[in-house]
Amino acid sequence: MQDLINALGAAIRLLVSFDPVLWGIIGVSMRMSLTALAISSIVGIPLGVWMGLRPRRPRWLTALLYTGMGVPPVVLGLLVYVFLSRSGVVGSLNLEWIPLLFTVEAMIIAQTLRAFPMVVALTLSSVLAVDAAVRLQVRALGATEFQLGVAVLREARSGVVVAMVGGFAALISEVGAVMLVGGNVAGQTRVLTTAIVLETGQGNFDRALALGFVVLVLAFAGNLLLARLQTSSHG
Amino acid sequence: MAEPMYALSGVLKRYGHKTAVLVERLDICRGEVLALVGPSGAGKSTLLRLLNFLEPPTSGHVDFDGARFDAETPMALAQRRRVTTVFQRPALLRMSVRDNVAYGLRLRGEAGAGSRAADALRQVGLQDLARSGAATLSGGEAQRVALARALAIAPEVLLLDEPTANLDPANVRLIEAAVLEHRRARGCACVWVTHNLAQARRVADRVALMLEGQLVEVAPAAEFFSAPKDPRTAAFVGGEMVW
């Protein structure tokens, strides 16, 4: 118990003293997670709505999404590693715009693959939960297919918010994939979770626990935002 | 008789092997109220969906205001926007009452949506609830908001799918009055699906009986109730079960 109290104190001290190493790690974590979430949401939410509005959905696509949600992140990391490595299918092309391994961009690719199926599948299930009578009514009021999609998305917004916050929580707490493709390079690709692994391995439990508290605070902030958005979306 | 708003010829709607609607011929005129009666599952709601162009017929033609409806043409959306439906369940959106009523106008990008929504709310006596959330309304209020939402877009055809089922007599009276006043002021055509024969007698110019997807008899209201030509109509009006 004393260790936890000490760690909490250490976490607060690190945060309020603007420890450059810690804030650098938080910055990389947030950049990686928010960018991956933004890409997943920009592509995944419209895709989820489109799938939800189709009278017949290809079952293989739905099954693929649910499979994507269940793939261990470390396997996704391994796939990205294999593709981006110098001898990999993509890495061997040597194109300037293709990210190299052990960069934040490579981590963003792995994390996008992690969040994308979750955002699409949860958006799809939220859209399917919207009363069919609402869809029929919106069309009867003269909506185009695009306007219908916007209306349904608006009705399903609580679920979509859950998809996004759930996606963020999964990304900020991910360790396996980012360790593989990011390499935990100090000052460059080190994120909160990989830093925790490193500090624990080195026996710096106070610092590891402090970083753990930061992850908890970020997860709590995300959930607080979720609760706020869900409350306001019921108006 | 006024010019026909709709002219249906040989309209067939099938779901798989099941025939939901088969209407050989039906004209619906501008400014008339046609009540559509019949037992549950007779195809009345399916016919309304065809009239609102929400589903295409399997075969046959729906001519609307002199033009043949074809879902594949650019005209289809414009035609659909001249018609709307009030369903049995109000299906209000998660927004304020005023925004719900203005919704159809905003879909069309029409100016003055707020003030026209306020006018429509006055027509159904709910102007005081404009700022309320739709979720806070009673069943009767919600249905009146749904009607105001339909009236706000000034449709040329108003389709009503049992809008007063499950409502108390005061709300039924308010909705009937608002629809008939709108018809009088705008000259729109109304097709009103109802299980309430007394209501059909009160509101309709003509009444149609539908059985197993087909129109058995379409006649002026007085004639439909007092001197039906088809024995099945006589049985239905007499309160017997007909198939």
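This section reports on the structure supplied with the text. Every chain begins its residue count from 1, and numbering advances along the sequence as written. By the order in which they are written, chains take letters starting at A while ligands take numbers starting at 1. Given that this is a predicted model, residues contribute local features only at a pLDDT of at least 70 and side-chain atom pairs are listed and counted only at 80 or more, while totals for whole chains, interfaces and linings are drawn from all residues. Note that the side-chain values use all heavy atoms of the structure and ignore hydrogens as well as water.

## Points about the overall build of chain B
Note the following rule: Segments assigned H or I by DSSP are reported as helices when at least four residues long, segments assigned E as strands when at least two residues long, and all are numbered from the N terminus. Radius of gyration here uses only the C-alpha atoms, and the compact-globule reference equals 2.2 Å multiplied by the residue count raised to the power 0.38. Only protein chains enter the area calculation, which uses a 1.4 Å probe; residues under 20% of their type maximum are buried, those over 50% are exposed, and those in between are partly exposed. Neither His nor the chain termini are counted; the positive set is Lys and Arg, and the negative set is Asp and Glu. In this description, the location of a charge corresponds to atom NZ of lysine, CZ of arginine, CG of aspartate or CD of glutamate.
The helix and strand inventory of chain B stands at 9 helices and 10 strands. Against the compact-globule benchmark of 18 Å for 243 residues, chain B has a radius of gyration of 18 Å, which places it among compact chains. In terms of overall dimensions, chain B has a C-alpha envelope of 50 × 45 × 35 Å along the principal axes. In chain B, buried positions account for 54% of the 243 residues. Mean positive and mean negative side-chain charge positions of chain B (30 and 26 charges, respectively) differ by 5 Å.

## Considerations on the overall build of chain A
Inclusion rule: A contact between two residues is defined here by any heavy atoms of the two lying within 4.5 Å. Computed by Shrake-Rupley with a 1.4 Å probe, the accessible areas treat only the displayed protein chains as cover when residues are assessed.
Broken down by element type, chain A carries 11 helices and 0 strands. Relative to its 235 residues, chain A shows a buried fraction of 45%. Here the analysis covers contacts within chain A between residues at least 6 apart in sequence; of these, 71% occur between residues at least 24 apart. Accessible surface for chain A amounts to roughly 11,900 Å². Of this, 71% is attributable to carbon and sulfur atoms. Here chain A contributes 15 positively and 10 negatively charged side chains, and the mean placements of these two sets differ by 11 Å.

## Focus on the interface of chain B and chain A
When the parts of a complex come together, some accessible area is lost, and that lost area is often taken as the interface size. Filter applied, for reference: Values labelled buried area give the accessible surface lost by two parts on being combined, using a 1.4 Å probe and summing over both. Any carboxyl oxygen of Asp or Glu that lies within 4 Å of a side-chain nitrogen of Lys or Arg is treated as forming a salt bridge with it. Put simply, Ala, Val, Leu, Ile, Met, Phe, Trp, Tyr, Cys and Pro go in the nonpolar bin, Asp, Glu, Lys and Arg in the charged bin, and everything else, Gly too, in the polar bin.
Each side of the interface is counted separately: chain B has 22 residues, and chain A has 21 residues. Buried area between chain B and chain A, summed over both chains or domains, comes out near 2,000 Å², and the portion from carbon and sulfur atoms is 50%. A salt bridge links Asp131(A) to Arg89(B); the nearest nitrogen and oxygen atoms lie 2.1 Å apart. Residues that form the side of chain B that touches chain A fall into these classes: 11 nonpolar, 4 polar and 7 charged.

## So, unusual backbone geometry
Despite not being glycine, Phe102(A) has its phi angle at roughly 65°, a positive value. On the secondary structure map, Phe102(A) appears in the loop between helix H4 (73-84) and helix H5 (104-129). Its identity is not glycine, yet Ala154(B) carries a phi of approximately 50°, on the positive side. Tracing the chain through its elements places Ala154(B) in the loop between helix H5 (139-152) and strand E7 (157-161). What makes Ala154(B) partly exposed here is its relative accessible area of 25%.

## Details of the packing of aromatic side chains
What counts is decided by this rule: Each Phe, Tyr or Trp ring (for Trp, its six-membered ring) is paired with any other whose centre lies within 6.5 Å, and the angle between the two planes then decides the class: stacked below 30 degrees, edge-to-face above 60, tilted in between.
Using the criterion set out here, one finds 7 aromatic pairs over all chains in the structure. Where Tyr81(A) meets Phe102(A), the ring centres are 6.2 Å apart and the plane angle is 70°; that geometry is what we call edge-to-face. Note that Tyr81(A) is positioned in helix H4 and Phe102(A) in the loop between H4 and H5, a separation of 21 residues in sequence. By relative accessible area, which is 29% here, Tyr81(A) ends up partly exposed. An angle of 40° between the planes, with centres 6.2 Å apart, marks the rings of Tyr6(B) and Phe53(B) as tilted. Separated by 47 residues along the polypeptide, Tyr6(B) in strand E1 (residues 4-15) and Phe53(B) in the loop between helix H1 (44-51) and strand E4 (59-64) bring together distant segments of the chain. On the accessibility criterion, Tyr6(B) (0% relative accessible area) is buried. Looking at Phe53(B), the relative accessible area reads 5%, which means it is buried.

## Some words on the packing of helix H3 (residues 59-70) of chain A against H5(A)
All names here are of chain A. Note the following rule: Note on geometry: axes are C-alpha line fits, over the in-contact stretch for helices, and angles between N-to-C directions span 0 to 180 degrees. An angle below 35 degrees is treated as roughly parallel, one above 145 as roughly antiparallel, one from 65 to 115 as roughly perpendicular, and anything else as oblique. Note: crossing handedness is left-handed where the near helix turns anticlockwise from the far helix by less than a right angle, and right-handed where it turns clockwise.
Running from N to C, H3 and H5 cross one another at 130°; their axes reach a closest spacing of 8 Å. Relative to H5, the element H3 is oriented oblique. Where H3 crosses over H5, the two elements pack in a sense that is left-handed. For the pair H3 and H5, contact is made by Thr62, Leu65, Tyr66, Gly68 and Met69 and by Arg114, Pro117, Met118, Val120, Ala121 and Leu124, respectively. Tallied by class, residues from the contact of H3 with H5 come to 8 nonpolar, 2 polar and 1 charged.

## A closer look at the pattern of salt bridges
All chains considered together, the criterion is met by 22 salt bridges over all chains. Between Asp19(A) and Arg207(A) there is a salt bridge, and its shortest N-O distance comes to 3.7 Å. Of this pair, Asp19(A) sits in the loop between helix H1 (2-16) and helix H2 (20-53) while Arg207(A) sits in helix H11 (residues 205-233); the two residues are 188 residues apart in sequence, bridging distant segments of the chain. Here Arg207(A) falls in the partly exposed class, since its relative accessible area comes to 26%. Taken together, the salt bridges that share partners define one network made up of Arg30(B), Asp65(B), Arg82(B) and Glu156(B).

## Remarks on the sheet that holds strand E8 (residues 189-193) of chain B
Residues and elements named next belong to chain B. Just so we agree on the cut-off: Any two strands are treated as partners once DSSP identifies two or more bridges connecting them.
With mixed pairing, 6 strands are arranged side by side in an open sheet as E6-E7-E8-E3-E9-E10. The open sheet has two edge strands, strand E6 (83-86) and strand E10 (214-220), and neither has a second partner. When strand polarity is set aside, the average angle formed by the axes of neighbouring strands in this sheet is 20°. Pairing of E6 with E7 involves 4 bridges; the strand directions are parallel. Across the sheet, the residue bridging to threonine 85 is leucine 159, located in E7.

## Some remarks on the nonpolar core
To keep it simple, the criterion reads: Among the buried residues, those of types Ala, Val, Leu, Ile, Met, Phe, Trp, Tyr and Cys that are joined through side-chain atoms within 4.5 Å form a nonpolar core.
Core analysis: the biggest nonpolar cluster contains 103 residues, and Leu192(A), Leu147(B) and Leu158(B) have the highest contact counts within it. Considering each element in turn, this core owes the most residues, 9 residues, to H2(A). Excluding anything up to four places from it in sequence, Leu147(B) contacts Val86(B), Val124(B), Leu158(B), Leu160(B), Ile175(B), Ala178(B) and Val179(B). Listed in part, the 28 residues of the second largest apolar core include Val21(B), Leu34(B), Leu48(B) and Ala189(B).

## Some thoughts on the side chain of Arg157(A)
Residues and elements named next belong to chain A. Under the convention used in this document: In protein, a polar contact means a hydrogen-donor-capable atom and an acceptor-capable atom, both N or O and within 3.5 Å, with residues adjacent in sequence counting only if both atoms are side-chain atoms; elsewhere, any N or O pair within 3.5 Å suffices.
Along the chain, arginine 157 turns up in helix H8 (residues 157-172). Buried and unpaired, arginine 157 has no salt bridge, with glutamate 155 as the nearest side chain of opposite charge at 4.8 Å. A distance of 2.5 Å separates the side chain of arginine 157 from the backbone oxygen of arginine 154, its partner in a polar contact.

## Comments concerning the environment of Phe116(A)
Residues and elements named next belong to chain A. Following the sequence through the fold, phenylalanine 116 ends up in helix H5. Along the primary structure phenylalanine 116 and serine 87 are separated by 29 residues, whereas in three dimensions their C-alpha atoms are 26 Å apart. For phenylalanine 116, the residues in contact, after removing those within four places along its chain, are Ser40, Val43, Gly44 and Leu47.

This is a description of form; function is not addressed.
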